[in-house]
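Report on the structure
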Amino acid sequence: MRVLIVGGGGREHAIATAMKKSRRVDRIYCVPGNAGIAQIAECEPSIGVMEFDKIVAYAKEKAVDLVFVAPDDPLVGGLVDELKAAGFRAFGPDKKAAVLEGSKAFSKELMKKYNIPTAAYEVFDDPDRALEYLETAKMPIVLKADGLALGKGVLICNTLEEAKAGVKEIMLDKHFGSAGNRMVIEEYMTGREVSVLSFVDGKTILPMTSAQDHKRALDGDRGLNTGGMGTFSPSPFYTDEIDAFCREKIYQPTVDAMAAEGREFKGVIFFGLMLTQDGPKVLEYNARFGDPEAQVVLCRMENDIMDVIDACIDGTLDKIDLRFEDNAAVCVVLASSGYPESYRKGFEITGLENFDGKEDYYCFHAGSKFDGNGRIVTNGGRVLGITAKGADLREARAKAYEAVNWVSFENKYMRGDIGKAIDEA
Ligand code: AMP
Ligand code: GLY
């Protein structure tokens with residue numbers, strides 16, 4: 001079969017790599033793709049993920065059998081609905097279901113209504129009411145812009161002054177654009193974070209192996225929030241007991257709640273969890289694979305990804321025995337220094353051939369492109385996701401940090417402590 005992937009980051013490279021392994025896939029296309037994905041797929045860099053008409057036309061031109069929509073913006077914007085209307089099989093939630101990620105106010109109301117454990121909260125449309133509420137609220141407190149904000153619309157405020165400035169930033173100065181027309185103010189929780197991605201077919205949910213991201217730019221979880229600077233999988237803190245609790249109180253209830261609301265969810269639900277003193281609670285939902293969570297999860301999946309994708313679309317996930325290798329993976333992101341603020345691009349990336357033929361090592365491209373002279377150059381804040389598998393987390397980490405030295409580019413920056421938490425397990 002012929003498959004089209006919508007997206008162009010490290011996550012999409014990991015998805016393409018899993019599809020390449022499928023016995024059922026003959027050809028992979030990707031829009032816009034990147035220079036790494038181009039090694040295994042035909043990419044069309046001129047088409048952006050929000051250019052729905054062009055994507056539908058491209059899918060027709062290439063006569064694809066299935067379209068996999070990976071990023072949040074086109075999912076929330078309704079690309080899956082448009083593809084289906086044009087007669088394509090599409091993987092990912094439709095617009096009505098993608099609101100699970102698209103509106104934090106929606107997801108909080110859903111959790112409250114269906115008793116799914118999450119932080120206590122209030123929703124505000126009016127900045128004056130939000131400011132008034134803060135006067136008597138307990139600090140620290142968390143402010144969240146309602147809509148999509150590139151993972152950056154969350155402010156953790158230690159003092160009333162910071163919180164007031166945050167309301168101004170989100171609701172008045174519109175730092176995150178229209179995402180800040182509404183705002184959620186929620187209780188500050190503490191605990192370890194874990195990400196659990198799951199396949200969903202509208203009724204059945206199959207959780208994948210767990211992972212942990214490192215969202216801050218600098219070592220020791222300091223600095224600004226980023227899309228993610230590195231991941232490891234599985235999380236040693238996600239015990240069988242916690243898993244059993246989450247399946248019963250969080251995962252299945254979320255799927256059932258969406259169905260009950262007339263928003264049947266098919267695709268991937270990503271549960272951002274915090275393991276608090278009072279048990280696991282939902283920090284956030286995403287309606288897609290995480291990036292760079294996909295990089296450490298998919299490379300450990302034993303199933304043919306196309307079988308699982310079909311089962312999600314056809315409502316037959318209950319027939320799938322989802323299995324992961326009994327090992328571990330670590331992904332270290334090589335970024336452009338200055339990310340997530342300002343950074344330069346266009347620097348040649350060398351040493352990529354060092355990954356050729358190396359089993360258990362992956363160089364997933366996030367921001368790369370061809371410069372027109374056959375050279376591959378940096379083209380984003382996150383450039384590469386260097387990933388390695390090992391018998392356990394320590395081995396995987398040692399291998400990933402060995403492989404980060406195989407590639408070079410100017411202004412290369414990475415965190416040195418991805419997976420450090422493993423030592424506390
Ligand atoms: P989110 O985009 O909702 O996952 O938030 C980004 C990050 O902010 C999370 O990964 C947490 O580290 C932090 N965060 C979000 N909500 C809370 C909360 N209620 N309490 C403490 N930290 C939070
Ligand atoms: N790595 C976090 C995310 O994809 O949202």
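Before going into details, it helps to say that this report is about the structure given with it. In this text the structure is predicted, and so the values were computed from the model without any measurement. Just so you know, the residues in each chain are numbered from 1, in the order the chain's sequence is written. For naming, the first written chain is A and the first written ligand is 1, with later ones following in the order written. Totals for whole chains, interfaces and linings use every residue, but because this is a predicted model, local features are given only for residues with pLDDT of at least 70 and side-chain atom pairs only at 80 or more, for both listing and counting. With hydrogens and water stripped out, all remaining heavy atoms of the structure feed into the side-chain values.

Runs of H or I in DSSP of at least four residues are treated as helices and runs of E of at least two as strands, each being numbered from the N terminus. Looking only at helices and strands, the chain has twelve helices and 22 strands in total. The globule rule is 2.2 Å times the number of residues to the power 0.38, and the radius of gyration it is compared with is taken over C-alpha atoms. Computed over C-alpha atoms, the radius of gyration of the chain comes to 21 Å, within 12% of the 22 Å expected from 2.2 N^0.38 for 425 residues, which places it in the range of a compact globule. Taken over the C-alpha atoms alone, the chain extends approximately 60 × 45 × 40 Å along its principal axes. In the chain, which comprises 425 residues, the share counted as buried stands at 58%. Should any heavy atoms of two residues lie within 4.5 Å, those residues are counted as being in contact. Considering only residue pairs separated by 6 or more positions, the chain has 68% of its internal contacts joining residues 24 or more positions apart. Burial classes: relative accessible area under 20% of the type maximum marks a residue as buried, over 50% as exposed, and values in between as partly exposed (1.4 Å probe, protein chains only).

Let's shift gears to helix 11 (residues 305-314). Counting buried positions along helix 11 gives eight out of ten residues, so the element sits mostly inside the fold. Regarding helix 11, the residues found buried are Ile-305, Met-306, Val-308, Ile-309, Asp-310, Ala-311, Cys-312 and Ile-313. Each polar contact in these results corresponds to two N or O atoms within 3.5 Å; when the atoms are within protein, one needs to be able to donate a hydrogen and the other to accept it, and residues that are neighboring in sequence are counted only if both atoms are side-chain atoms. The N-terminus of helix 11 is capped by Asp-304, whose side-chain oxygen sits 2.9 Å from the backbone nitrogen of Met-306. Just downstream of helix 11, Gly-315 is the residue with a positive phi angle, here 75 degrees.

Pairing between the strands of a sheet comes from backbone hydrogen bonds, and it takes one of two forms, parallel or antiparallel. Pairing is parallel across the open sheet formed by five strands, whose spatial order is 3-2-1-4-5. Edge strands, defined here as strands with exactly one partner in the open sheet, are strand 3 (42-43) and strand 5 (90-91). Summarising the sheet, strand 1 (residues 2-7) and strand 2 (residues 27-32) pair through six bridges and their orientation is parallel. Bridged to Arg-2 within strand 2 is Arg-27. Interaxial angles span 0 to 180 degrees and are taken between N-to-C directions of axes, which are lines fitted to C-alpha atoms, for helices over the stretch in contact. Those strands touched by helix 2 (residues 52-61) are strand 1, strand 2, strand 3 and strand 4 (66-69), and its axis lies near 160 degrees from that of strand 1. The sheet contacts of helix 11 involve strand 1, strand 4 and strand 5, and relative to strand 4 the element is tilted by about 90 degrees. Strand pairing is assigned whenever DSSP identifies at least 2 bridges connecting the two strands.

So, about unusual backbone geometry. A cis amide bond, omega -10 degrees, links Val-31 with the succeeding residue Pro-32. Looking at the secondary structure, you find Pro-32 in strand 2. That bond from Ser-233 to Pro-234 is cis: its omega, 0 degrees, falls within 30 degrees of zero. With a phi close to 50 degrees, Lys-174 is a non-glycine residue in the positive phi region. Residue class for Lys-174 comes out partly exposed when judged on its relative accessible area of 33%. The phi angle at Asn-411 is positive, at roughly 70 degrees, despite the residue not being glycine. Mapping Asn-411 onto the fold places it in the loop between helix 12 (393-403) and strand 22 (412-413). Classification of Asn-411 by relative accessible area gives partly exposed; the value is 28%.

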